[in-house]
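# Reading the structure
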Amino acid sequence: MSLLKCPKCGEMFSDSYKECPFCLEDEEYYNGGKKAAGHRVQKQKSPSIAGPAMLLVVLLLVGFLGYTFLGDNIADLISGEKKPPVVNQDDDKTDDKGDKQDDPVKDPVVLTLDQTTLVLKAGDSATLMAGGADKVLWSSSDGSVVKVDENGNLIAQKEGSATITISAENASSAVCVVTVTAAPKDLEVVTNWGSLYVPNEAFSIGVGNSIDLKVSGTDSTPSWETTDTDIATVDADGVVTGVSGGNTTLIVKVDGQTIKITVTVN
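Residues numbered from 1 in each chain as written. Predicted model: local features only at pLDDT ≥ 70, side-chain atom pairs only at ≥ 80, totals over all residues. Heavy atoms only, no water.

## Concerning the sheet that holds strand S12 (residues 153–156)
Rules: The pairing criterion is simple: DSSP has to find at least two bridges between the two strands. Numbering of helices and strands runs from the N terminus, with a helix taken as a DSSP run of H or I at least four residues long and a strand as a DSSP run of E at least two residues long. Here an axis means a line fitted to C-alpha atoms, over the contact stretch when the element is a helix, while the angle between two N-to-C directions is reported on a 0 to 180 degree scale.
A sheet is described by the order of its strands in space; here three strands give the open sequence S8-S12-S11, paired in antiparallel fashion. Looking at strand neighbours, the two that pair on one side only are strand S8 (125–127) and strand S11 (146–148), the edges of this open sheet. Across the sheet, the mean angle separating the axes of adjacent strands is 20 degrees when strand polarity is ignored. Pairing of S11 with S12 involves three bridges; the strand directions are antiparallel. Within S12, the position partnered with Val 148 by the bridge is Leu 154.

Written as structure tokens, this is what we have:
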């Protein structure tokens, strides 16, 4: 008896077999038959790690979703503490029992006025503009000095000082200090022939002629000047003299007031 080498599978077998028993055995196995014991041993495939890896991914995903949606409850169970419910700031506030709570204290609104100090003459009026709130309350510390209405309109009553205050709900106040000076005196520029001064009034004199003027209604000394000394001049005592034909303006200043009169020289 001798050994033969199978040209198909390369295995050595006895020449007592007509065909390679190893190839016959493989053919029987692949055709559904059971492989006989002995002879060639079928190599086993290495176990795959795909299954365990997929299982691990699923477990991690389940853990992540559980923590995302139930993390606070799990933490409460572990610590034994319960966190207060989270509510939208615009919604009604509720406690753990669902009872309505008062809104938290808000920062006060800052009110403003367009002026913080103001000087008026008695009899004058002015308007203050408020900002920071649509509706504010107006008040005066002394209505006999300065009156104020609901729209911020001021009327200076008499000489003195008063504080105008605006206020609103849940807002800081703002103030303006108003100082009222004395009302302008009723002044007139007069001559020996009577009053010359009425607003926008004018008088005329001849070239080389003079007229003696003074201011009534005050004991203060006025200042005198003309805008064109080539037409007319005026001295410190109020004497106006015509120089040449034309028009000029006589300016008189006294007690904080200015009086202007047109002078025509013929």
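## A word on unusual backbone geometry
To keep things clear, this is the line we draw: Remark: exposure states derive from per-residue accessible area (1.4 Å probe, protein chains only) relative to the maximum for the residue type, with buried under 20%, exposed over 50%, and partly exposed in between.
The backbone phi angle of Asn 170 is positive, close to 55 degrees, even though this residue is not glycine. Residue classification places Asn 170 among the partly exposed positions, given a relative accessible area of 41%. Despite not being glycine, Asp 255 shows a phi value in the positive range, around 50 degrees. Mapping Asp 255 onto the fold places it in the loop between strand S24 (246–254) and strand S25 (257–265).

## Regarding the side chain of Thr 218
Put simply, the rule reads: A 3.5 Å cut-off defines polar contacts: any pair of N or O atoms within that distance qualifies, except that in protein one atom must be a possible hydrogen donor and the other a possible acceptor, and neighbouring residues in sequence count only when both atoms are side-chain atoms. In this description, contact between two residues means that some pair of their heavy atoms is separated by no more than 4.5 Å.
Mapped onto the elements of the fold, Thr 218 is located in the loop between strand S20 (214–216) and strand S21 (223–226). Classification of Thr 218 by relative accessible area gives buried; the value is 13%. In terms of polar contacts, Thr 218 uses its side chain to reach the side chain of Asp 255, at 2.5 Å. Setting aside residues up to four positions removed in sequence, Thr 218 forms contacts with Lys 185, Leu 187, Val 254 and Asp 255.

## With respect to the environment of Ser 244
You can see Ser 244 is positioned in the loop between strand S23 (239–242) and S24. Its relative accessible area of 27% is what places Ser 244 among the partly exposed residues. The contacts of Ser 244, once residues within four sequence positions are left out, are Val 207, Asp 230, Ile 231 and Val 265. In terms of polar contacts, Ser 244 uses its side chain to reach the backbone carbonyl oxygen of Asp 230, at 2.6 Å.

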